[in-house]
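Report on the structure
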Amino acid sequence: LAFGIEYLVDPVGVLADCRRVLRKGGRVVVVTSQRYFPNKATGMWLFTNQQEHLELINAFFQYAAGYGKRKAYNITADGPNAGTYEPVFVVEATVT
């Protein structure tokens, strides 16, 4: 789910469906950043910061059930203008 979980009305349901169609050991990868359309993102997303977004995604996986321990990665671009790049994070979960 690349740059879209913030727009889902039922993210837990979507992750439960992902689990349903994946085999044991299958992975779901969620990519997110601070850049989103405020008029389309869910209210919960609008009033939380990046750390809280990662915690929300973790909770979505928890409530969807059937996933093992989640891993989060900061994949923000690095380079000469590193301070100007949009932070990008990945949360990965494996079906148990």
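Above this text you will find the structure in question.
Report on the accompanying structure. Everything numeric here is computed off the predicted structure, so don't read it as measured data.

With that settled, consider the packing of aromatic side chains. The full count for this structure, using the stated rule, is one aromatic pair. Arranged with centres 4.9 Å apart and planes meeting at 75°, the rings of Phe61 and Tyr67 form a pair that is edge-to-face. Exposure class is identical for Phe61 and Tyr67. Each is buried.

Take the packing of helix α1 (residues 11-21) against helix α3 (residues 50-64) next. Where α1 contacts α3, the axes come no closer than 8 Å and their chain directions differ by 55°. Taken as axis vectors, α1 and α3 run oblique relative to one another. The interaxial crossing formed by α1 with α3 has right-handed handedness. Contact with α1, carried on its side by Pro11, Val12, Leu15, Ala16 and Arg19, involves Phe60, Phe61, Tyr63 and Ala64 of α3 and no other residues of that element. Here the contact of α1 with α3 is built from residues that sort into eight nonpolar, no polar and one charged.

With 15 residues, α3 extends 21 Å from end C-alpha to end C-alpha; this agrees with the ideal 21 Å at 1.5 Å per step. Turning to α3, the residues buried within the fold contact α1, β1 (27-33), α2 (43-46) and β3 (88-94). One side-chain oxygen of the residue at the start of α3 lies 3.1 Å from the amide nitrogen of Gln51, identifying that residue as Asn49. Of the residues trailing α3, Ala65 is marked for its positive phi of about 65°.

Conventions we followed
Residues numbered from 1 in each chain as written. Predicted model: local features only at pLDDT ≥ 70, side-chain atom pairs only at ≥ 80, totals over all residues. Heavy atoms only, no water. Phe/Tyr/Trp six-rings, centres within 6.5 Å; stacked < 30°, edge-to-face > 60°. Buried < 20%, exposed > 50% of the residue type's maximum accessible area, 1.4 Å probe, protein only. Axes fitted to C-alpha atoms, helices over the stretch in contact; angles between N-to-C directions. Helix = DSSP H or I, 4+ residues; strand = E, 2+ residues; numbered from the N terminus. Parallel < 35°, antiparallel > 145°, perpendicular 65-115°, else oblique. Left-handed = near helix turned anticlockwise from the far one by under 90°. Contact = heavy atoms within 4.5 Å. Nonpolar A, V, L, I, M, F, W, Y, C, P; charged D, E, K, R; others polar. Expected span 1.5 Å × (residues − 1). Polar contact = N/O pair within 3.5 Å; in protein donor to acceptor, adjacent residues only side chain to side chain.

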